Amino acid sequence: MVKIYASDKQFWGENDSQTIQNAVNYAEETGLGEVIIPRFNERTGAPLWDLPRAVLLPSDMTIVLDNCHIRHADGSHDNLFRNRNMWTELGKTLEGEQHNIRILGHGNAWLDGGKHNGIFEQHLRDNPEKYKSMLYQTPITLANVRRVEVRGIRFHETRYWSLCFHYCRWVSISDLHFENS
């Protein structure tokens, strides 16, 4: 079986989000449907993946976090992973329902809130035109997805909730660890 590693040079983008997104897009186009994010980031030469914006997941996609450390980039106000149709008009319909999205951690896989960007719920109440929803602070957010699996991940100092599932069905979550102060 062909394995797609996000660290392969052919997928390198302007940042780690774009690099992983390029691998996801390739996996979708080829029908392989699985992307492995390894511990070592070949693009940066470090054991860290720093994401300034969310990786958008299509249906029939498995993300394998292989002993990797993924962190919200400093100053970012976006998820780490969310389904492609979330926040779209199509995503609010039955026709826009996605399916079979899996995010699986192997070994010591962790998602890290990084340096907090200073945005809290109070900011949204006081100035809703300036700030997007707090749900953008959540590492994994999925909406209108059928058959979801998330397992084997350590969440460290997340900026808001660690996971959010809106109108999802047949969801399996297991072996999650939370380290939030």
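Residues numbered from 1 in each chain as written. Predicted model: local features only at pLDDT ≥ 70, side-chain atom pairs only at ≥ 80, totals over all residues. Heavy atoms only, no water.

Regarding helix H1 (residues 16-30)
Note that an α-helix has 3.6 residues per turn; residues three or four places apart therefore point the same way.
At step 1: In this model H1 runs 21 Å from its N-terminal to its C-terminal C-alpha over 15 residues, within 8% of the 21 Å that 1.5 Å per residue would give.
At step 2: Those residues of H1 not exposed but buried are Asp16, Ser17, Thr19, Ile20, Gln21, Ala23, Val24 and Ala27.
At step 3: Elements that come into contact with the buried residues of H1 comprise strand E1 (4-5), strand E2 (34-38), strand E3 (49-51), strand E4 (55-57) and strand E5 (61-66).
At step 4: The residue sitting at the N-terminus of H1 and contributing the capping side-chain oxygen is Asn15; that oxygen lies 3.0 Å from the backbone nitrogen of Ser17. (Helix = DSSP H or I, 4+ residues; strand = E, 2+ residues; numbered from the N terminus. Expected span 1.5 Å × (residues − 1). Buried < 20%, exposed > 50% of the residue type's maximum accessible area, 1.4 Å probe, protein only. Contact = heavy atoms within 4.5 Å. Polar contact = N/O pair within 3.5 Å; in protein donor to acceptor, adjacent residues only side chain to side chain.)

Focus: the pattern of salt bridges
Pairs can form between side chains of opposite charge once their charged atoms are near each other.
At step 1: In total, this model carries 11 salt bridges according to the counting rule given.
At step 2: Ionic pairing is found between Glu14 and Arg53, a salt bridge with its closest N-O pair at 3.8 Å. Of this pair, Glu14 sits in the loop between E1 and H1 while Arg53 sits in the loop between E3 and E4, and the two are 39 residues apart along the sequence.
At step 3: Accessibility expressed as a relative area gives 30% for Arg53, which makes it partly exposed.
At step 4: For Arg71, the salt bridge identified is with Asp50, shortest N-O distance 2.9 Å. Here Arg71 is found in strand E6 (residues 69-72), whereas its partner Asp50 is found in strand E3, with 21 residues between them in sequence.
At step 5: According to the relative accessible area criterion, Arg71 is partly exposed, its value standing at 25%.
At step 6: The structure contains a network of salt bridges with shared partners spanning Glu97, Arg146 and Arg169. (Salt bridge = Lys/Arg side-chain N within 4 Å of Asp/Glu carboxyl O.)

Side note on the sheet that holds strand E12 (residues 163-166)
At step 1: One open sheet holds the 4 strands; their spatial order is E4-E7-E10-E12, and the pairing between them is parallel. Looking at the sheet topology across the chains shown, the edges are occupied by E4 and E12. Strand-to-strand twist in this sheet, taken as the mean axis angle between neighbours without regard to direction, amounts to 15°.
At step 2: Across 2 bridges, the pairing between strand E7 (residues 81-83) and strand E10 (residues 140-143) is parallel. (Pairing = 2+ DSSP bridges. Axes fitted to C-alpha atoms, helices over the stretch in contact; angles between N-to-C directions.)

Here we look at a nonpolar patch on the surface
At step 1: Together, Val2, Tyr26 and Leu32 make up a nonpolar patch on the protein surface, roughly 240 Å² of accessible area in all.
At step 2: Relative to the helices and strands, Val2 resides in the segment before E1.
At step 3: What makes Val2 exposed here is its relative accessible area of 55%. (Patch = residues over 30% accessible without salt bridge, like charges linked within 9 Å, V, L, I, M, F, W, Y side chains within 5 Å. Areas by Shrake-Rupley, 256 points an atom, 1.4 Å probe, with all protein chains shown as cover.)

Description of unusual backbone geometry
At step 1: The phi dihedral of Trp87 is positive, around 70°, even though this residue is not glycine.
At step 2: Note on placement: Trp87 falls in the loop between E7 and strand E8 (98-106).
At step 3: For Trp87, a relative accessible area of 40% puts it in the partly exposed group.
At step 4: Residue Tyr167 is not a glycine yet carries a positive backbone phi of 55°.

Quick word on the packing of aromatic side chains
At step 1: Tallied over the entire structure, the rule returns 4 aromatic pairs.
At step 2: Ring plane angle 70° and centroid distance 5.8 Å describe the contact between Tyr160 and Trp161, whose orientation is recorded as edge-to-face.
At step 3: A residue is classified by how much of its surface remains accessible, and Trp161, at 53% relative accessible area, is exposed.
At step 4: Positioned above the aromatic ring of Trp110, the side-chain terminus of Arg154 is 4.4 Å from the ring centre.
At step 5: Over the ring of Trp170 we find Arg169; its NZ or CZ atom is 5.2 Å from the centre of that ring. (Phe/Tyr/Trp six-rings, centres within 6.5 Å; stacked < 30°, edge-to-face > 60°. Lys NZ or Arg CZ within 6 Å of the ring centre and 35° of its normal.)

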